[in-house]
Amino acid sequence: MVEMWILFVGLVISWNKGSLLLLLAIYACIWAIMVSVLLEEQDLQSAGSVKQQIAKLFEESLRTTVPDEGDVEPAIAPCQNPKFGDYQCNNAMGLWSRVKGKGTQFKGPQLIGQAIMKNLPPSEMIESCTIAGPGFVNIILSKHWIAKSIQKMLVHSIETWAPEIPVKRAVVDFSSPNIAKEMHVGNLRSTIIGDTLARMLEFSKVEVLRRNHVGDWGTQFGMLIEYLFEIFPSGEVSVDQAIGDLQAFYKASKQRFDSDPAFKERAQRAVVSLQGGEEKYRKAWAEICEISRRGYESVYQRLGVQLEEKGESFYNPHIPRVIELLNEKRLIEESKGARVIVIEGKKIPLIVVKKDGGYNYASTDLAALWYRLNEEKAEWIIYVTDVGQREHFEMVFTAAKQAGWLPAEENNYPKASHVGFGLVLGEDGKRFRTRSTETVKLVDLLDEAKNRCREALVQRGKSEEWTAEELDKTAEAVGYGAVKYADLKNNRATNYTFSFDQMLNDKGNTAVYLLYAHARICSIIRTSGKDIEELKKVIFVKGLLNDHMQIGTVELGHPDERVLGFHLLQFPEIVEEACTNLLPNILCEYLYNLSEDFTRFYTNCKVRDYV
């Protein structure tokens, strides 16, 4: 959706009418020539975000202004108040504190700011600069340069605006439902946030390994398998069994395990048989996993999420070797019959082997981290779970640093990051549950969102205009999109209140509002009768004698066009900031503000006359 936004909004900024009229006459004969010229004359690689390009200019100025201070990193930030400019260089104050008392020629930070401004190299991107307060350099970008930059993107695609992230391969570990349990609202945030982080990194040309670390191993399978053998004496668990039935069996087996000592003993023996590879138990386990897999894959399909499953059982064979490696580093100690790693600053150690010799979450997570670093060669491993697991991952990452797997410095690569998120609350302020205090099933939640959207569309008379299939697809797109956006627009670390009424509102910061704006853009293009791909390729010949060719120009004559164009241009740095801080809400805020800028543009500027 982001790519379409940038593309469509850029296209509807007023195009030069004359260049459009020449399209049909000259496109066929000179398009191929123009492409070859463009490839020779223009660097299609990203020049970096606007902020990065401004920083390069000020870097040169700072070297000239304070040559004795070494490499000074430019402090560039967007202006908080647009009336002062587009960006601001804030180095003067910091430099003054460094140079005063050293016999400097400067008498204060404002004079440093003036020198920085004076020493800026010539650049077509800057229209003007002014000094504010104690040396702040306010920068106004050239309207012509903004238009030219948007124009290049339209021709060479949005990919040329992809930010530069300092990693080539990342693992994003998200969703991670438990086998034999239906996905519930607790799985919602990890799935949505993890998928969005993966998409942002992929757009930034990072190879992302999307990992579903499902809970498919452990002692709970002993009691479930033993219970199923009682129900299915033949030992055959039907793969047609619904995941809901399997969850009911799981609850029943847990009750038996807690109340029946004989059953508990059989369940514990079943775990040994399963882990020992006994065929009957391994087959039952595989069938349970397949039933569960079909359940959560249907949810992923509805949400448009792609994942590769590598659950706890995948890493289990690697645990002994990893424990051995940690032992060789003399990190493992004996403590009360268990084997542990002492973590500095923590009151309790990290248990890696239990008293009974079994493994636990820490064992599996250390094995997974080792595998991802050494076998998958990931430079950034990102774990998307609730904030309650923050301390666990802090201890796992610290153990990895003590082992030398990760660098001690936080900002160096390879690195591991925990992306924690808060709770989903009901409108009563408590954890979101059904009236019977059961956890809300994710399937039921998505169904409700779709049904509410469908009902709203019917009330607007769309059932008379659209086919049943169109109505259904629109209800899905809006309903599922509303659920996703309601989560993503919030800072992930905070709790958020789940409200269908609020998320399906067509006013304010909601997916519905953004989709309406997007639909309006599509309507402009559709009713114009122009092919959008052809519209991007509009060219005209200027000066046939010297064979000079130029792309049809984007013009930013109206103030609202300039505001919209500048907002579009900030897209790369917004994506970079969202990726660096692993905060999708930064991108959501950008999109909401973009839709508002577009709405003002749409109200005040004629588009159709030029398209």
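The structure presented is a predicted model; accordingly, all values stated were derived computationally and were not measured. (Residues numbered from 1 in each chain as written. Predicted model: local features only at pLDDT ≥ 70, side-chain atom pairs only at ≥ 80, totals over all residues. Heavy atoms only, no water.)

A. Here's a closer look at the nonpolar core. Leu141, Leu445 and Phe498 are the most contacted members of the largest nonpolar core, which has 136 residues in total. In terms of residues, this core owes the most to one element, helix α12 (residues 279-303), which gives ten residues. Discounting chain neighbours no more than four positions away, the residues touching Phe498 are Leu188, Val424, Leu425, Glu427, Phe432, Leu445, Val483 and Met503. With 36 residues, the next largest nonpolar core counts Ile332, Leu369, Trp370 and Ile381 among its residues. (Core = buried A, V, L, I, M, F, W, Y, C linked by side-chain atoms within 4.5 Å. Buried < 20%, exposed > 50% of the residue type's maximum accessible area, 1.4 Å probe, protein only. Helix = DSSP H or I, 4+ residues; strand = E, 2+ residues; numbered from the N terminus. Contact = heavy atoms within 4.5 Å.)

B. Spotlight on the packing of helix α8 (residues 185-203) against helix α19 (residues 468-488). Two elements in contact, α8 and α19, have axes separated by 10 Å at closest approach and are oriented at 85 degrees. When the interaxial angle is binned, α8 and α19 end up roughly perpendicular. For the pair α8 and α19, contact is made by Leu188, Arg189, Ile192, Ile193, Asp195 and Thr196 and by Val483, Lys484, Asp487 and Leu488, respectively. Across the contact of α8 with α19, the residue classes tally to five nonpolar, one polar and four charged. (Axes fitted to C-alpha atoms, helices over the stretch in contact; angles between N-to-C directions. Parallel < 35°, antiparallel > 145°, perpendicular 65-115°, else oblique. Nonpolar A, V, L, I, M, F, W, Y, C, P; charged D, E, K, R; others polar.)

C. Layout of the packing of aromatic side chains. One pass over the structure, following the stated rule, counts 20 aromatic pairs. When the centroid spacing of 5.8 Å and the interplanar angle of 75 degrees are considered together, the rings of Tyr315 and Tyr371 count as edge-to-face. Note that Tyr315 is positioned in helix α13 (residues 312-315) and Tyr371 in helix α15 (residues 361-374), a separation of 56 residues in sequence. For the pair Tyr315 and Tyr371, a shared accessibility class is recorded, and that class is buried. One aromatic cluster is present, formed by Phe203, Phe571 and Tyr590 through successive ring pairs. For Lys280, the ring lying beneath its charged end belongs to Phe229, and the centroid distance is 4.5 Å. (Phe/Tyr/Trp six-rings, centres within 6.5 Å; stacked < 30°, edge-to-face > 60°. Lys NZ or Arg CZ within 6 Å of the ring centre and 35° of its normal.)

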